[in-house]
Amino acid sequence: MSISPFPTPASLPHSGTEELAEPILEGLPFTSRWLLAPMEGVTAPSFRGHVLRRHHATDLGGAFTEFVRVVRGPVAKSEMRKHLGTERYPTPVGLQLMGSDLEGVRVSVGNAIDLGVPVVDLNFGCPAKGALRGCAGAAALKSPAGMEETVRIAVAGAEGRAPVTAKIRAGFDHANDVEVLARAAEAGGAAMLTIHCRTRREGYCDEVDWTRIERAVNAVSIPVAGNGSAWEHSDLERMRRETGCAFVMVGRGALKSPWIFTDREVSRQEAASFLVEYHDTLKSLGARPKGAVGRVKQLLNYWTAGGLIQSEEERGQWMRETDFEAFEARLRAEAGSTVP
Ligand SMILES: Cc1cc2nc3c(=O)[nH]c(=O)nc-3n(C[C@H](O)[C@H](O)[C@H](O)COP(=O)(O)O)c2cc1C
């Protein structure tokens, strides 16, 4: 029996039949401490599905769609279905919304839950100019009161049917107000706060300060997911230990190795097979050869799994390959497979 107080909707958008695994904390659907971060252009159903299929719900406890923008009115269910995909896994997949149109957000949250989404996340961290122009994403970090109101409206839209969570950066230009921002999300009714420990100004800088996560943990009583530069499996436990966060959310570390949620070593062949399958899925979904190879390269930019890339020079060779057939043939050779 589930300990989540939220009912599981009878009709789910997914075509599979898998039931969600048991949550580990009351009020949230997550089935382990480790979460896959939303990443636009990466964590679409294709990549997310390949990661989820390789993990037990006990290794990876939850994932999210990339942000779905709420602009001029609520997001249609058909649009949400595109982001959610058709497969269903024992690991919960939440839908992330981003927007400043409060009524649009309220109705969109309801639409998402009607579709069976077990958790809705709100994006208050996107640094893209388009988001900032629309007063959405990281722009909300300049107004804790406004952020609190957005969370409150989203929670009202959920009508107690599923939790609403908030994902913030540590601040807009500085991290002095981490506590204020964390408390605003909590006051609005967020069931969990994810804190990406960089500020908007810091972008994706290499150096991170996890004490900002610890400060958020100490400022609120809701569970906090720490996020920022967890690159190895050992970093997940270390972040929990050093900051006291309840969950760790992994972004680019999962592009480096989609197996980061376990401490299992994978073989070179297994790592290459992941990329071949990902490539083939993209093509089966209509991607052109250039597009499919481009998405694989997006992973290879970070990839270390299976020792497939031994040096930066070798990484450069993969990245510079402009002949798509040659790229695909090399990948298949590594995986020990042939062209289907
Ligand atoms: C390519 C890319 C796309 C991203 N898209 C989103 C997004 O749609 N929503 C969001 O909240 N964060 C997004 N992020 C931020 C990540 O979720 C995460 O907070 C950030 O990468 C820091 O974690 P990391 O250091 O583990 O990568 C994105 C990051 C990357 C690299």
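Remember, predicted model here, so these are calculated numbers, not experimental data. (Residues numbered from 1 in each chain as written. Predicted model: local features only at pLDDT ≥ 70, side-chain atom pairs only at ≥ 80, totals over all residues.)

K.L.:
Is there a simple way to explain the environment of arginine 33 in this structure?
P.N.:
On the secondary structure map, arginine 33 appears in the segment before strand E1 (34-36). Here arginine 33 falls in the buried class, since 23 other C-beta atoms lie within 10 Å of it. Residues arginine 33 and glycine 94, 61 residues apart in the sequence, show an inter-C-alpha distance of 15 Å. Those residues within four positions of arginine 33 in sequence are excluded, and the remaining contacts are Gly61, Arg240, Phe247 and Val248. (Helix = DSSP H or I, 4+ residues; strand = E, 2+ residues; numbered from the N terminus. Buried ≥ 20, exposed ≤ 12 C-beta atoms within 10 Å, placed from the backbone. Contact = placed C-beta atoms within 7 Å.)

K.L.:
When you look at the packing of helix H10 (residues 268-284) against helix H11 (residues 289-300) in this model, what are you seeing that I'm missing?
P.N.:
How two helices pack is summed up by the angle between their axes together with the distance between the axes. One can describe the packing of H10 onto H11 by two numbers: an axis separation of 9 Å at closest approach and a directional angle of 145°. Considering the relative orientation of H10 and H11, their crossing is right-handed. Here Leu275, Tyr278, His279, Leu282 and Lys283 of H10 come into contact with H11, specifically with Gly291, Ala292, Arg295, Val296 and Leu299. Classifying every residue of the contact of H10 with H11 by side-chain character gives 6 nonpolar, 2 polar and 2 charged. (Axes fitted to C-alpha atoms, helices over the stretch in contact; angles between N-to-C directions. Left-handed = near helix turned anticlockwise from the far one by under 90°. Nonpolar A, V, L, I, M, F, W, Y, C, P; charged D, E, K, R; others polar.)

K.L.:
I tried to follow the site of the ligand on my own but got confused; where do I start?
P.N.:
Taken together, the neighbourhood of the ligand is formed by 22 residues, with Ala37, Met39, Glu40, Gly251 and Arg252 sitting nearest. By residue class, the composition of the shell around the ligand is 8 nonpolar, 10 polar and 4 charged. (Near = placed C-beta within 6 Å.)

K.L.:
What's the story with the packing of H10 against helix H13 (residues 324-335) in this structure? I'm lost.
P.N.:
The contact between H10 and H13 brings their axes to 7 Å, and the two run at 140°. Judged by the inter-axis angle, H10 sits oblique to H13. Classified by chirality, the crossing of H13 by H10 is left-handed. Counting all contacts with H10, which are made through Arg268, Gln269, Ala272, Ser273, Leu275, Val276 and His279, the residues of H13 involved are Glu328, Leu331, Arg332, Glu334 and Ala335. The class makeup of the residues in the contact of H10 with H13 is 5 nonpolar, 3 polar and 4 charged. (Parallel < 35°, antiparallel > 145°, perpendicular 65-115°, else oblique.)

K.L.:
So what exactly am I meant to see when it comes to the domain arrangement of the protein here?
P.N.:
Domain annotation for the protein reports domain 1 (34-256) and domain 2 (268-335). Taken over C-alpha atoms, the centre of domain 1 sits 28 Å from the centre of domain 2. Counting from both sides, the interface comprises 7 residues of domain 1 and, opposite them, 11 residues of domain 2. Those elements that place two or more of their residues in the side of domain 1 that touches domain 2 are helix H1 (45-54) and helix H9 (253-256). Residue contributions to the side of domain 1 that touches domain 2 peak at 3 residues, all from H1. Its residues assigned to classes, the side of domain 1 that touches domain 2 comprises 3 nonpolar, 2 polar and 2 charged. (Domains from an automatic or database assignment.)

K.L.:
Explain the sheet that holds strand E7 (residues 224-227) here, please?
P.N.:
Ordered in space as E1-E8-E7-E6-E5-E4-E3-E2, the 8 strands form an open sheet in which the pairing is parallel. Of all strands in the sheet, those with a lone pairing partner are E1 and strand E2 (63-69), marking the two edges. For this sheet the average axis-to-axis angle between neighbouring strands, irrespective of direction, equals 25°. Against the sheet, helix H6 (residues 178-188) makes contact with strand E5 (164-169) and strand E6 (192-196), and its axis sits at roughly 155° relative to E6, the strand it touches most. Contacts from helix H8 (residues 233-243) reach E1, E7 and strand E8 (247-250) within the one sheet, and its direction differs from that of E8 by about 135°. (Pairing = 2+ DSSP bridges.)

K.L.:
How do you make sense of the pairing of strand E4 (residues 120-124) when you look at a structure like this?
P.N.:
Across a regular strand the side chains alternate sides, sitting on one face of the sheet and then on the other. Taking burial as the measure, the 5 residues of E4 include 5 buried ones, the bulk of the element. Residues of E4 alternate between two faces, with Val120, Leu122 and Phe124 on one and Asp121 and Asn123 on the opposite face, all of them buried. As judged from the 3 bridges shared by strand E3 (residues 93-98) and E4, these two strands associate in the parallel manner. Across the sheet, residue leucine 97 finds its bridge partner in E4, namely leucine 122.

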